[in-house]
Amino acid sequence: MSHIRKAVFPVAGMGTRFLPATKSIPKEMLPLVDRPLIQYAVDEAREAGIEEFIFVTAAGKGALEDYFDTAAALEQRLEQSGKKDALNALERTRMPEGALSFVRQNNPLGLGHAVRLAQKLVGDEAFAVILPDDVIRAPRGALSQMVDAHASYRGHMVASMDVTLAQTASYGVLDVEAENGRIAHARGMVEKPRPDLAPSTRAVIGRYILEPSIFEQLANLGPGAGGELQLTDAINADVKKAGVTGYRFEGERFDCGSILGFVQATAAFALDRPELEGELRTFLRERTAPLRMVA
Ligand code: UTP
């Protein structure tokens, strides 16, 4: 049994990069092929042994709650018309009763603020945080890999991946003290450093395992970059007490919070589907072939 039982999904952001689509649907309901982003995140959590799923939501995010509800009338109709495949597709959306909780963030004051709001539901135990924007295509779920590693290292753990020096300006970056295989022991993190000031090229992405001591730090935190309460600042403030490690997961991460990342993920996941792969490959090849000049 996993020692990490609860996961927090901060889904209260406004998703402005996907307007107008996100005017009336939550970003997390945008589908990669035929599954919404939130499904990938929940599947990854389940694979890691998570039993309690805590969503930090906001106004306009009702579709997320409905998505995990049973759809009795729809299921009955599919059953009557013998649509087995469609019924099976719904299987993934089924969650044990009582496994989901929702807490409301009334003002989008930042990721740190969103996580702080989950304190009562998390209680006094280490827990995971998953940002559904970061979709990871991996032979084994990234959170599952981290949970295993966390059993040996404890302390706060963040998912990390190597980026180029120029890309460090777009990420939180680990200040690495020592490395051991996939684990980097860190002195802390620097948020979006100028490349010439980046302490390493190990970027932090949206998977965390946090010790409950993070809540004390979040309670005392003032606004950070962009005037928001930053989770990174709270982790940094707790490094001396709890320690922080970066876990270099095996897998490929897509930034589905950006339009380009979302389109790339759509292509990658579609190419993974045997029923789509052949024709999609032909289509992409034809579309991307260099134009031949006609004399
Ligand atoms: P982003 O920085 O991607 O913000 O948040 P966003 O609002 O979702 O998207 P854009 O930039 O406007 O397009 C990173 C994660 O933190 C959550 C978001 O839902 C997303 O999962 N978040 C952010 C909150 O839950 N609350 C906040 O106040 C801020």
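Now for a description of the structure that goes with this document. (Residues numbered from 1 in each chain as written. Predicted model: local features only at pLDDT ≥ 70, side-chain atom pairs only at ≥ 80, totals over all residues. Heavy atoms only, no water.)

## Points about the overall build of the protein
Within the protein, the regular secondary structure consists of 12 helices and 13 strands. Here the C-alpha coordinates of the protein stretch approximately 65 × 60 × 35 Å along the principal axes. Buried residues in the protein amount to 48% of all 295 residues. Long-range pairs, those at least 24 residues apart, make up 76% of the contacts in the protein with a sequence separation of at least 6. Carbon together with sulfur atoms contributes 52% to the accessible area of the protein, which is approximately 15,300 Å² in total. Each charge sign in the protein was given a centre, from 34 positive and 39 negative side chains, and these centres are 3 Å apart. (Helix = DSSP H or I, 4+ residues; strand = E, 2+ residues; numbered from the N terminus. Buried < 20%, exposed > 50% of the residue type's maximum accessible area, 1.4 Å probe, protein only. Contact = heavy atoms within 4.5 Å. Areas by Shrake-Rupley, 256 points an atom, 1.4 Å probe, with all protein chains shown as cover. Lys, Arg positive; Asp, Glu negative; His and termini not counted. Charge placed at Lys NZ, Arg CZ, Asp CG, Glu CD.)

## Description of the pattern of salt bridges
Enumeration according to the criterion identifies 25 salt bridges in this entry. Where Asp-43 meets Arg-46, a salt bridge forms, and the shortest distance between an N and an O atom there is 3.0 Å. You can see Asp-43 and its partner Arg-46 sitting in helix α1 (residues 37-47), 3 residues apart, about one turn around the helix. On the accessibility criterion, Asp-43 (19% relative accessible area) is buried. Judged by its relative accessible area of 30%, Arg-46 is partly exposed. When the shortest N-O distance is used, the salt bridge between Glu-179 and Arg-202 registers 2.8 Å. Pair noted here: Glu-179 is in strand β9 (residues 172-180) and Arg-202 is in strand β11 (residues 202-210), with a separation of 23 residues, a long-range link. (Salt bridge = Lys/Arg side-chain N within 4 Å of Asp/Glu carboxyl O.)

## Notes on unusual backbone geometry
Residue Pro-20 is bonded to the preceding Leu-19 through a cis peptide linkage, with omega at 10 degrees. Positionally, Pro-20 belongs in the loop between β1 (6-10) and β2 (31-32). The phi dihedral of Val-33 is positive, around 60 degrees, even though this residue is not glycine. Overall, the relative accessible area of 26% leaves Val-33 in the partly exposed class.

## Re the packing of helix α3 (residues 72-80) against helix α4 (residues 84-91)
Interhelical geometry of α3 versus α4 gives an angle of 150 degrees and a closest axis separation of 8 Å. As far as their axial angle goes, α4 and α3 are roughly antiparallel. Crossing handedness for the pair α3 and α4: left-handed. On the side of α3, the interface is formed by Leu-74, Glu-75, Leu-78 and Glu-79, while α4 contributes Ala-86, Leu-87 and Leu-90. (Axes fitted to C-alpha atoms, helices over the stretch in contact; angles between N-to-C directions. Parallel < 35°, antiparallel > 145°, perpendicular 65-115°, else oblique. Left-handed = near helix turned anticlockwise from the far one by under 90°.)

## Examining the site of the ligand
Neighbouring the ligand are 17 residues, the closest being Met-14, Thr-16, Lys-27, Gln-105 and Gly-110. Thr-16 has a polar side-chain atom sitting 2.6 Å from an oxygen atom of the ligand. Within the side chain of Asp-133, one N or O atom sits 3.4 Å away from an oxygen atom of the ligand. Expressed as a share of its isolated accessible area of 570 Å², the protein-covered part of the ligand is 81%. Its residues assigned to classes, the shell around the ligand comprises 8 nonpolar, 5 polar and 4 charged. (Near = heavy atom within 4 Å. Polar contact = N/O pair within 3.5 Å; in protein donor to acceptor, adjacent residues only side chain to side chain. Nonpolar A, V, L, I, M, F, W, Y, C, P; charged D, E, K, R; others polar.)

## Describing the packing of aromatic side chains
In the structure shown here, the tally under the stated rule is 9 aromatic pairs. Arranged with centres 5.9 Å apart and planes meeting at 45 degrees, the rings of Phe-55 and Phe-68 form a pair that is tilted. Taken together, the positions of Phe-55 in strand β4 (residues 52-57) and Phe-68 in the loop between α2 (62-67) and α3 put the pair 13 residues apart, joining distant regions of the chain. Of the two residues examined, Phe-55 and Phe-68, each falls in the buried class. In this structure an aromatic cluster arises from ring pairing among Phe-9, Phe-53, Phe-55, Tyr-67, Phe-68 and Phe-102. (Phe/Tyr/Trp six-rings, centres within 6.5 Å; stacked < 30°, edge-to-face > 60°.)

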